[in-house]
Every structure is written in structure tokens, then in C-alpha cells.
Number of protein chains: 2
Amino acid sequence: MSKASVALTPLLYPNYEDPDAIVVVIDVLRATSAISSAFETGVKAIIPVESIELAREWKAKGFLVGAERNGEKIEEFDFGNSPYDYMDPALKGKEIVLTTTNGTRAFNLAAREGYKVVSASFVNVTAVSEWLADQDRDVIIICSGWKGRYNLEDSMCAGAIIDMLSQHEQFNDYSDSALASKYLYQGAKDDTFKFLRNSSHRKRMKRLNMKEDIRYSLTPDQSKIIPILNGDRLVPLEV
Amino acid sequence: MSKASVALTPLLYPNYEDPDAIVVVIDVLRATSAISSAFETGVKAIIPVESIELAREWKAKGFLVGAERNGEKIEEFDFGNSPYDYMDPALKGKEIVLTTTNGTRAFNLAAREGYKVVSASFVNVTAVSEWLADQDRDVIIICSGWKGRYNLEDSMCAGAIIDMLSQHEQFNDYSDSALASKYLYQGAKDDTFKFLRNSSHRKRMKRLNMKEDIRYSLTPDQSKIIPILNGDRLVPLEV
């Protein structure tokens, strides 16, 4: 029998931590959506790093680097974290370094402790959920949130995964945060756009004119690829 | 115009902190429900303390002391944190020291920073909400949770307050955590007992045979008293 928990922000992860559990990192707007976009393009690996300084070191070594802070691309780097930045066919086979305000921090946190660590968003939500259901392992989902705060879109995506796991008998123990995320998702799934109308991050991105990014990031199941950490690199899981 | 935020656990409070905001502490099962019960009995003041050691010092000075850890009364003290422990008419006019697993920690956290700090639960939810709506101040609600984890009942009670505040025009800015708590409450309000059937803390308390405590703690508006911190003491707000 398996347990499923949700850390509603990275800060809460230590309360759920279990080195034998599979860790799922979610950053819907936009790191994990962009990661799925990159793998759909045929990118070979994504290297999530926590700081601008580390990103700079990788860039000096000749790597392509995506870097975002406060929702915007940092000028000196190659990409921001828009999923559309990673759709250029020329990126096929490349390794790309990525640092973002929230999402890459969650990877670096989880990478230290999880049995396996995967990247999820609405873009690959069913693929990740079905794979999790086959693993016979406890699951901890980390919502990246926004600068330490809870956000609606990550919790909703966590709820979509919990909703799918709860159709599998072996998941019989849920944290309250998992139940709350599931209720949120069930109430919102028929119109996620409308539901997120008032969310803080969507308002922020609307100001930044990122309507297309939002639409891409909230559209489920555009990818069947499960990005999984292998050392310091996210690579497509071979299933 | 005013802002309303919810710290879904005490650990997240620093992300919302604002010394000019009114802070509302919630610990539905059972600290803030018991505090309301005590004031309804006519207790003069509740002194929330963080540690067993401090509680012992107060007891040595001759105070009555309630102390709970892991859901159970600690033997050497006078009460646990069952609301029923505080209904004895002999307590009228007394000052009582209280230490609990989660709730009193939240008070000690908030007491350092809030403009004003009040205690809320379903027991006094409408009284607190109506008072907040009249204050022309930002509001930060702290859910005590369970040992650092999010819990459903505190978030639901926070959602009940947000739901009432949102009927007042001056509240026009909500954190995502406030919106999520409101959605949770709106989905659950018609049958909170059933909704909380699977919550972790309710399961824990059911094992401890605390059905009556749960019923008391989930029954709204049994009290119109707003307990407010004055120095190190919670006292009834004079309205």
C-alpha cells in the first residue's frame, strides 16, 4: 500500500520527506511546462541549477542557458522560461542549463533526498500519473509556488495527479494537503482558465503579456515524456 | 482597500508578514476552540506559552495550566485542550496558562509581529469576521496545522473567514492561499463532518475517542467573544 503527500511549497517539503518516496516537482507557470516543451523538441537533457552564478559558470563552459527571475528572461542568457523558447528544432540533441525563480530550487531540494525525482505539469500530467501508479512507491509532490508562497496552479496540478492516483487501490493514505489539492482540482477542472482568473501568478503574467504561455501550460497531455533526474540532469525516462 | 492572506502553516507566515496587519490564529482541533470555550465560561485570560518548561514555571507560580502534546493531556497539568475541559463554572474569573502542540506556537510567532492578534475557530467565526470587516486593515490568517503540516480543518475555517470578508468591498486583494481556502470552504460547508471524514487529524482524534470535541469544534457561532492578545495574555476584546 502506498502513501501520497503534497508539499504545498518547497519550504514544507521537510515535513513530508522520505528517501524511499518518488518526488514529483511541479512548476506549472512555467519551469516544468517549459521542460516538457524542451523534451518534446528533442532536447537531450536539462540541467536545473539554483543560482544565476551557477548558470553563468555553465554558460562560460559553452552551454546554452535559460534563466528567469520574477517572470522575465535575464538578458545575458539564451532563453527565459517560456515553453515557446524551447520549441526551436535546432535545440534537438542539446543539453540546456535552466535556472528559474521557483522551480529549479525545488529540483535541487528534492534531488538531495528523493528515491527518484520527476518533472510534472499539466503538459505531461497523465503520463506521470500513470507511471506513478505502476511504481509501488510512496509519492511526494512538491509544488514550487511563488517565492515561498502557495500558488493555485501548482496545487491544482498536484490535485490532478492525486485524483488519478486515487483511482488505484494501492494508494490508500493521503496527506491533508493531497486531499485539499484534489478537491481544488475537482472543483476547477472544467474551466481551469476561469478558475485561475484571480490567481496571483496569472495576474502577474498577464501584465507581462504571457497569455500564450498560460494557455500552453494549462493544456493537459501534450507530452508523454517523463523527465527524470539522473545525477544533475533531467533526461527523458525510458519506459 | 485591504488585502487578506492565509499562511497555510506557521512556517509560511514570514512570507506574508506585515507588522500593520491584523493576525488571526486558527487551531480548530482544538486550541482556539478551547480558548473560545474558556471565555464563554468566563475565564479572565489565557496565557499561551510555547514549551512544557514554561508551562511548568507558571504552574510552580500557582497558575492553572492546560497542556497537550500529540492530542493528549500531559498528566502533571490541570487540563488538556479539550473545549470541555474549560466549561467548569469554577473557572470564572481565572487566568489559565495553555500550551499545545501547534496552536500556542502560532500565537507566540504572531505575537511578535502582528498589529493586533486574535484567536478564531468555527466557534466564533462570524464574530471575528464581522469585526475584521470593520477594521480597515490588512488581514493575515495563520493556520496552525499539525506539526508543520497543512491540515484541512484550519484551512477550511480560514476559508470561512475569507468567504465572509469577500462580501465586503474593501477586501479586494487575496493571496492564492486565501482563494484556495475559500474554495475549500465553499465546497465543504454543507457538511463539514463528512468533508473532514478523511482528514488526518480527525482520524487521529477518532482513535483518541474525541468525537464530542470534534462536534463542538466544528459547530459555528457558539460564541461572540473575540479573544485578543494583550501583552502575553489573550483577553476578551471589548467591542
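Per-chain numbering applies: the sequence of each chain, read as written, is numbered from 1 onward. Here every chain gets a letter starting at A, and every ligand a number starting at 1, in the order they are written. Note on the predicted model: pLDDT of at least 70 is required for a residue's local features to be given, and 80 or more for side-chain atom pairs to be given and counted; whole-chain, interface and lining totals, by contrast, use all residues. Water and hydrogen atoms play no part in the side-chain values, which are based on all heavy atoms of the structure.

1. Let's talk about the overall build of chain A
Here is step 1: Scanning chain A from N- to C-terminus turns up 9 helices and 11 strands.
Here is step 2: We compute the radius of gyration over the C-alpha atoms and compare it with the globule rule, which gives 2.2 Å times the number of residues raised to the power 0.38. The C-alpha radius of gyration of chain A comes to 16 Å, within 12% of the 18 Å expected for a compact globule of 239 residues.
Here is step 3: Dimensions along the principal axes, computed over C-alpha positions, put chain A at roughly 50 × 35 × 30 Å.
Here is step 4: Put simply, chain A has 239 residues, and 60% of those count as buried.
Here is step 5: Here a residue-residue contact requires only that any non-hydrogen atoms of the pair lie within 4.5 Å. Sequence separation of 24 or more characterises 77% of the internal contacts of chain A that already satisfy a separation of 6 or more.
Here is step 6: Summed over its atoms, the accessible surface of chain A is roughly 9600 Å², and 45% of this surface lies on carbon and sulfur atoms. To qualify as a helix, a DSSP run of H or I must reach at least 4 residues; to qualify as a strand, a run of E must reach at least 2; elements of each kind are numbered from the N terminus. Relative accessibility thresholds used throughout: buried, under 20% of the residue-type maximum; exposed, over 50%; partly exposed, between the two (1.4 Å probe, protein chains only). Using the Shrake-Rupley algorithm and a 1.4 Å probe, accessible areas are obtained, with residue cover drawn only from the displayed protein chains.

2. Things to note about the packing of helix α4 (residues 125–133) of chain B against helix α5 (residues 152–165) of chain B
Residues and elements named next belong to chain B.
Here is step 1: Where α4 meets α5, the closest approach of the two axes is 9 Å, and the angle between their N-to-C directions is 45 degrees. The angle between the axes of α4 and α5 places the two elements in the oblique class. Pair α4 / α5 crosses with right-handed handedness. On α5, the residues touching Val 125, Thr 126, Val 128, Ser 129, Leu 132 and Ala 133 of α4 are Cys 157, Ala 160, Ile 161, Met 164 and Leu 165. Only the stretch in contact is used when fitting a helix axis, every axis being a line fitted to C-alpha atoms; angles between N-to-C directions are given from 0 to 180 degrees. Note on terminology: angles under 35 degrees are roughly parallel, angles over 145 are roughly antiparallel, angles of 65 to 115 are roughly perpendicular, and the others are oblique. When the near helix sits turned anticlockwise from the far one by under a right angle, the crossing is termed left-handed; a clockwise turn instead gives a right-handed crossing.

3. Structural notes on the interface of chain A and chain B
Here is step 1: Of the residues lining the interface, 23 residues belong to chain A; the matching set on chain B comes to 23 residues.
Here is step 2: When the two sides are added together, the surface that chain A and chain B hide from each other amounts to roughly 2100 Å², 59% of it contributed by carbon and sulfur.
Here is step 3: Defined here as a combined quantity, buried area equals the accessible surface (1.4 Å probe) lost by two parts on assembly, summed across both. The largest contributions to the chain A side of the interface with chain B come from Arg 149, Tyr 150 and Asp 176 of chain A, which together make up 28% of the buried area.
Here is step 4: By definition, a salt bridge exists where a carboxyl oxygen of Asp or Glu is found within 4 Å of a side-chain nitrogen of Lys or Arg. The interface formed by chain A and chain B holds 0 salt bridges in total.
Here is step 5: Taken together, the elements giving at least two residues each to the side of chain A that touches chain B come down to α5 (152–165) and α6 (176–188) of chain A.
Here is step 6: For the side of chain A that touches chain B, the element with the most residues is α6 of chain A, which contributes 6 residues.
Here is step 7: All amino acids are sorted into three groups, where Ala, Val, Leu, Ile, Met, Phe, Trp, Tyr, Cys and Pro are nonpolar, Asp, Glu, Lys and Arg are charged, and the leftover types, Gly among them, are polar. When the residues that make up the side of chain A that touches chain B are grouped by side-chain class, the tally is 11 nonpolar, 8 polar and 4 charged.

4. Examining the side chain of Thr 32 of chain A
Residue and element names in this part refer to chain A.
Here is step 1: Turning to its location among the elements, Thr 32 is positioned in helix α1 (residues 31–41).
Here is step 2: Residue classification places Thr 32 among the buried residues on the basis of a relative accessible area of 0%.
Here is step 3: Counted as a polar contact is a pair of N or O atoms within 3.5 Å, where, for protein atoms, one must be capable of donating a hydrogen and the other of accepting one, and residues adjacent in sequence contribute only when both atoms are in side chains. Within polar-contact distance, the side chain of Thr 32 engages the backbone nitrogen of Asp 27 at 2.9 Å.
Here is step 4: Setting aside anything within four residues of it in sequence, one finds Thr 32 in contact with Val 25, Ile 26, Asp 27, Phe 107, Ser 119, Ala 120 and Ser 121.

5. Remarks on the packing of α5 of chain A against α6 of chain A
Residue and element names in this part refer to chain A.
Here is step 1: Between α5 and α6, the shortest axis-to-axis distance is 7 Å and the interhelical angle comes to 95 degrees. Between α5 and α6, the angle falls in the class roughly perpendicular. Note on element contacts: α6 touches α5 through Ala 178, Ser 181, Lys 182, Leu 184, Tyr 185, Gln 186 and Ala 188, opposite Leu 152, Ser 155, Met 156, Ala 158, Gly 159, Ala 160, Ile 162 and Asp 163.

6. Comments concerning the nonpolar core
Here is step 1: Among the nonpolar cores identified, the biggest contains 144 residues, and Val 24 and Ile 161 of chain A together with Val 24 and Ile 161 of chain B are the most heavily contacted of them.
Here is step 2: Setting aside residues no more than four positions away along its own chain, Val 24 of chain B makes contact with Val 118, Ala 120, Val 128, Leu 132, Val 139, Ile 140, Ile 141, Ile 142 and Ile 161 of chain B.
Here is step 3: Buried residues of nine kinds, namely Ala, Val, Leu, Ile, Met, Phe, Trp, Tyr and Cys, make up a nonpolar core once their side-chain atoms join them within 4.5 Å. Grouped together as the second largest cluster of nonpolar side chains are 11 residues, Ile 47, Ala 55, Val 65 and Ala 67 of chain A included.

7. Here's the deal with the relation of the copies chain A and chain B
Here is step 1: When the copies are superposed, the least-squares fit takes in the C-alpha atoms of residues with a pLDDT of at least 70 in both. Superposition record for chain A on chain B: RMSD 0.0 Å, screw rotation 180 degrees, translation along axis 0.0 Å. Here the transformation between the copies is reduced to the relation of a two-fold axis. Within chain A, Leu 184 of chain A has its C-alpha nearest the rotation axis, a separation of 3.4 Å.
Here is step 2: Same-surface contact between copies: 100% of interface residues of chain A are shared with the interface of chain B.

8. Points about the pairing of strand β8 (residues 139–143) of chain B
Residue and element names in this part refer to chain B.
Here is step 1: Among the 5 residues in β8, 5 count as buried, and that is most of the element.
Here is step 2: Burial along β8 is two-sided: Val 139, Ile 141 and Cys 143 facing one way and Ile 140 and Ile 142 facing the other are all buried.
Here is step 3: Pairing of strand β1 (residues 2–7) with β8 involves 4 bridges; the strand directions are parallel. Pairing of Ser 5 across the sheet is with Ile 140, part of β8. The criterion for strand pairing is that DSSP finds at least two bridges linking the strands in question.

9. Here's the deal with the state of the cysteines
Cysteine pairs can be covalently joined through their sulfur atoms, and such a bond is termed a disulfide.
Here is step 1: Disulfides are defined as pairs of cysteine sulfur atoms found within 2.5 Å of each other. Throughout the structure, instances matching the rule amount to 0 disulfides over all chains.
Here is step 2: We note that Cys 143 of chain A lacks a disulfide partner, and the nearest cysteine sulfur, in Cys 157 of chain A, lies 8.0 Å from it.

10. Looking at the confidence of the model for chain A
Here is step 1: The score called pLDDT rates the predictor's confidence residue by residue, from a low of 0 to a high of 100. Mean pLDDT over chain A stands at 93; residues scoring 70 or higher make up 99%.
Here is step 2: For this predicted complex, the interface confidence reaches an ipTM of 0.93, while the overall pTM sits at 0.95.

11. Considerations on α6 of chain A
Note: α-helices contain 3.6 residues per turn, so residues at a spacing of three or four share the same orientation.
Here is step 1: Helices are assigned an expected span. That span is 1.5 Å times one less than the residue count. For α6 of chain A, spanning 13 residues, the distance from its first C-alpha to its last is 18 Å, which sits close to the expected 18 Å at 1.5 Å a residue.
Here is step 2: Among all positions in α6 of chain A, only Asp 176, Ser 177, Ala 178, Leu 179, Ala 180, Ser 181, Lys 182, Leu 184, Tyr 185 and Ala 188 of chain A are buried.

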